[in-house]
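Observations on the three-dimensional arrangement
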Amino acid sequence: MTDRKSTIRDYRHGEDEAPDLRAHGEVLYLIHELSRLISADFDRAMGAHDLRNAQWWALMHIHQYEGVTQSELAAVMQMGRASAGKVLERIEKHGWIERRADPEDQRVRRIYLTPKSQPIFDAMSEEGRNLFGRLLKGFTDSETAALLGGLRKLKLNAAREAG
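First, a word on scope: everything that follows refers to the structure included in this document.

Rules used throughout
Residues numbered from 1 in each chain as written. Predicted model: local features only at pLDDT ≥ 70, side-chain atom pairs only at ≥ 80, totals over all residues. Heavy atoms only, no water. Helix = DSSP H or I, 4+ residues; strand = E, 2+ residues; numbered from the N terminus. Contact = heavy atoms within 4.5 Å. Areas by Shrake-Rupley, 256 points an atom, 1.4 Å probe, with all protein chains shown as cover. Phe/Tyr/Trp six-rings, centres within 6.5 Å; stacked < 30°, edge-to-face > 60°. Buried < 20%, exposed > 50% of the residue type's maximum accessible area, 1.4 Å probe, protein only. Lys NZ or Arg CZ within 6 Å of the ring centre and 35° of its normal. Core = buried A, V, L, I, M, F, W, Y, C linked by side-chain atoms within 4.5 Å. Axes fitted to C-alpha atoms, helices over the stretch in contact; angles between N-to-C directions. Parallel < 35°, antiparallel > 145°, perpendicular 65-115°, else oblique. Nonpolar A, V, L, I, M, F, W, Y, C, P; charged D, E, K, R; others polar. Salt bridge = Lys/Arg side-chain N within 4 Å of Asp/Glu carboxyl O.

Each helix and strand in the protein chain was counted, giving 7 helices and 2 strands. Shown N-terminal to C-terminal, the secondary structure of the protein chain runs as helices and strands in the order α-α-α-α-α-β-β-α-α. Here the analysis covers contacts within the protein chain between residues at least 6 apart in sequence; of these, 47% occur between residues at least 24 apart. Only carbon and sulfur atoms are counted for the fraction: they give 54% of the accessible area of the protein chain, which is about 12,100 Å².

Quick look at the structure:
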């Protein structure tokens, strides 16, 4: 007879012996679930503006790294260059971005926000404030600061691991 565990209850029983492992796993699971819930909620709100998840995500990255190339944006968003191109085409059809030739290398096209993107950023900001107001309800300033500090540290560790 083998010493192999055969049921989920057998696996979970071992967690009692390693509470740190269970708590750490729960932290990562909750972050993943929270991210999914936030994205779904934000997607519903942004759908009224004909804006989908990958599009608002790309706009946020372009805002942060204006002048980025399509390849650089794809890398930051961890998606293929062709997939990023399709997202950019949809955004460009709305007139929210424009692609311009790099002044030093005409083969390279850089991505910039247009003035027409301002209303969508206003809508994203308003919905973001509403969403986080609901989610952070009941948090003290010190709890919010501690949460933010912990999440920043976690992201830094994850970025280091990713290389």
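Now that the structure has been shown, the text picks up again.
Inspection of the entire model under this criterion finds 1 aromatic pair. Ring geometry for Phe 42 and Trp 56: centres 4.6 Å apart, planes at 75 degrees, overall edge-to-face. Here Phe 42, found in helix α2 (residues 19-47), pairs with Trp 56, found in helix α3 (residues 53-64); they are 14 residues apart in sequence, far enough to count as distant. Using a relative accessible area of 13% as the deciding quantity, one classes Trp 56 as buried. Between the NZ or CZ atom of Arg 100 and the centre of the ring of Tyr 112, over which it lies, the distance is 3.9 Å.

Ranked by size, the top nonpolar core spans 22 residues in total, and within it Leu 51, Leu 59, Leu 73 and Ile 97 carry the most contacts. If you list the elements that add at least two residues to this core, you get α2, α3, α4 (70-77), α5 (81-93), β2 (109-113) and α6 (118-135). Counting residues per element, this core draws most heavily on α6, which supplies 5 residues. If we skip the residues at most four places from it in the chain, Leu 73 touches Ala 58, His 61, Ile 62, Val 68, Leu 88 and Ile 111.

A few words on unusual backbone geometry. Peptide bonds are trans in most cases, and residues, glycine excluded, mostly fall at negative phi. In the Ramachandran plot, Asp 50 falls in the positive-phi region, its phi being about 60 degrees despite a non-glycine side chain. In this fold, Asp 50 is placed in the loop between α2 and α3. Phi is positive for Gln 78, which is not a glycine, with a value near 55 degrees. Mapped onto the elements, Gln 78 comes out in the loop between α4 and α5.

Turning our attention to the packing of α4 against α5. Think of two packed helices as two axes; the pair is described by the angle between the axes and how far apart they sit. Look at α4 against α5: their axes get within 9 Å of each other, and the N-to-C directions meet at 105 degrees. In terms of their interaxial angle, α4 and α5 are classed as roughly perpendicular. Across the interface between the two elements, Gln 70, Ser 71, Leu 73 and Ala 74 of α4 pack against Arg 81, Ala 84, Gly 85 and Leu 88 of α5. Residue classes in the contact of α4 with α5 are distributed as 4 nonpolar, 3 polar and 1 charged.

Next up on the list: the pattern of salt bridges. Taken as a whole and assessed by the stated rule, the structure comprises 10 salt bridges. Note that Glu 33 is salt-bridged to Arg 36, the shortest N-O span being 2.8 Å. With Glu 33 and Arg 36 both in helix α2 and 3 residues apart, the pair spans about one turn of that helix. In this structure, the salt-bridge partner of Glu 72 is Arg 110, at a minimum N-O distance of 3.6 Å. Of this pair, Glu 72 sits in helix α4 while Arg 110 sits in strand β2; the two residues are 38 residues apart in sequence, bridging distant segments of the chain. Arg 110 gets classed as partly exposed once you look at its relative accessible area, which sits at 22%.

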